[in-house]
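# Examining the three-dimensional arrangement
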Amino acid sequence: MRIINNIMSLNISKELPSLWKSHLSSEFEKDYMLRLHDFLREEKDHEKLILPHSSLWFNALTTTDLDRVKVVILGQDPYPTPGHAHGLCFSVMPEVKPIPKSLKNIYKELEDDLGIVNSNGNLQSWAEQGVLLLNSVLTVEAGNANSHQGKGWEQLTDRIIEVLNEQPSPIAFVLWGAYAQKKGSIVNNPQHLVLRSPHPSPLSAYRGFFGSKPFSKINDFLIENGKEPINWKV
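Since the structure is predicted, the reported quantities are computational estimates derived from the model, not experimental observations.

Conventions and cut-offs
- Residues numbered from 1 in each chain as written.
- Predicted model: local features only at pLDDT ≥ 70, side-chain atom pairs only at ≥ 80, totals over all residues.
- Heavy atoms only, no water.
- Helix = DSSP H or I, 4+ residues; strand = E, 2+ residues; numbered from the N terminus.
- Contact = heavy atoms within 4.5 Å.
- Phe/Tyr/Trp six-rings, centres within 6.5 Å; stacked < 30°, edge-to-face > 60°.
- Buried < 20%, exposed > 50% of the residue type's maximum accessible area, 1.4 Å probe, protein only.
- Lys NZ or Arg CZ within 6 Å of the ring centre and 35° of its normal.
- 1 Å grid on protein atoms, 1.4 Å probe; cavity = no way out; pocket = protein on both sides within 12 Å on 5 of 7 lines; lining within 4 Å.
- Points joined across faces, edges and corners; volume = space filled by probe spheres on them.
- Nonpolar A, V, L, I, M, F, W, Y, C, P; charged D, E, K, R; others polar.

### Structural notes on the environment of V174
For V174, the location among the structural elements is in strand β5 (residues 172–176). With 98 residues separating them in the primary sequence, V174 and Q76 have C-alpha atoms 13 Å apart. With near-sequence residues (within four places) excluded, V174 lies in contact with V71, V72, I73, L74, L195 and I218.

What follows is the structure in structure tokens.
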């Protein structure tokens, strides 16, 4: 329990919903989480700003408990700009302008696919409907993109994906880009839908992300499986 208490004292994890906790609590007793704790403690001791705020590191899980997950969208790591990240991949706080370029392209495809126009970048409402917006890495140093990769978060989020893959209820997995596709390669349950396309980044969106129509495909899949479709309007 020493590891759990140390991690909790650093506010790495707020209270997780009961179902996530039942599957993940043992992860917080493992060596990789102790090493992650030590790394984050050292970052704080050196007065580095860690994003997002610690209360939001598990926003994806606290908003969307395991039994409510209909869709999983995999991202990489949080936005390194203060005031942007809030624990949901691709999402920013509603007052952030301009909308980040990748999210702007996601919205462009959404409009082309379903005719929906969104004017702010906050995807909290998607999460509340069952879209798990999961980054592979849950923290970043302000101004230093990818700075917390390889410190342990990936092992935890791999476990989250494994748990999701084991679920009896069909889930749509959205893997945009090579990074997400590699991480999502463990999804092999045939009842799930796996959508793969290039990343919505301006560097790759024109290679097949545009025109992929993921939003209508997801909703068709949900309806076919007796689930409420997602209202993608924010």
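### Considerations on the packing of aromatic side chains
For the coordinates displayed, the defined rule picks out 10 aromatic pairs. Judged by centre distance (4.8 Å) and plane angle (70°), the ring pair of Y206 and F210 falls under edge-to-face. On the basis of relative accessible area, Y206 is assigned to the exposed category, the value being 67%. An aromatic cluster of three or more residues is present, and its members are F90, W176, Y206, F209 and F210. The lysine or arginine in question, K108, covers the ring of F210, its NZ or CZ lying 4.5 Å from the ring centre.

### Quick word on the layout of surface pockets
Space inside the largest pocket adds up to approximately 490 Å³. Around the largest pocket, the lining comprises 25 residues; the ones closest to its centre are Q76, D77, F90, S102 and H199. For the lining of the largest pocket, the elements supplying multiple residues, two or more each, are β2 (71–75), α5 (101–114) and α8 (177–183). In terms of residues, the lining of the largest pocket owes the most to one element, α8, which gives 4 residues. Residue composition of the lining of the largest pocket, grouped by class: 15 nonpolar, 8 polar and 2 charged.

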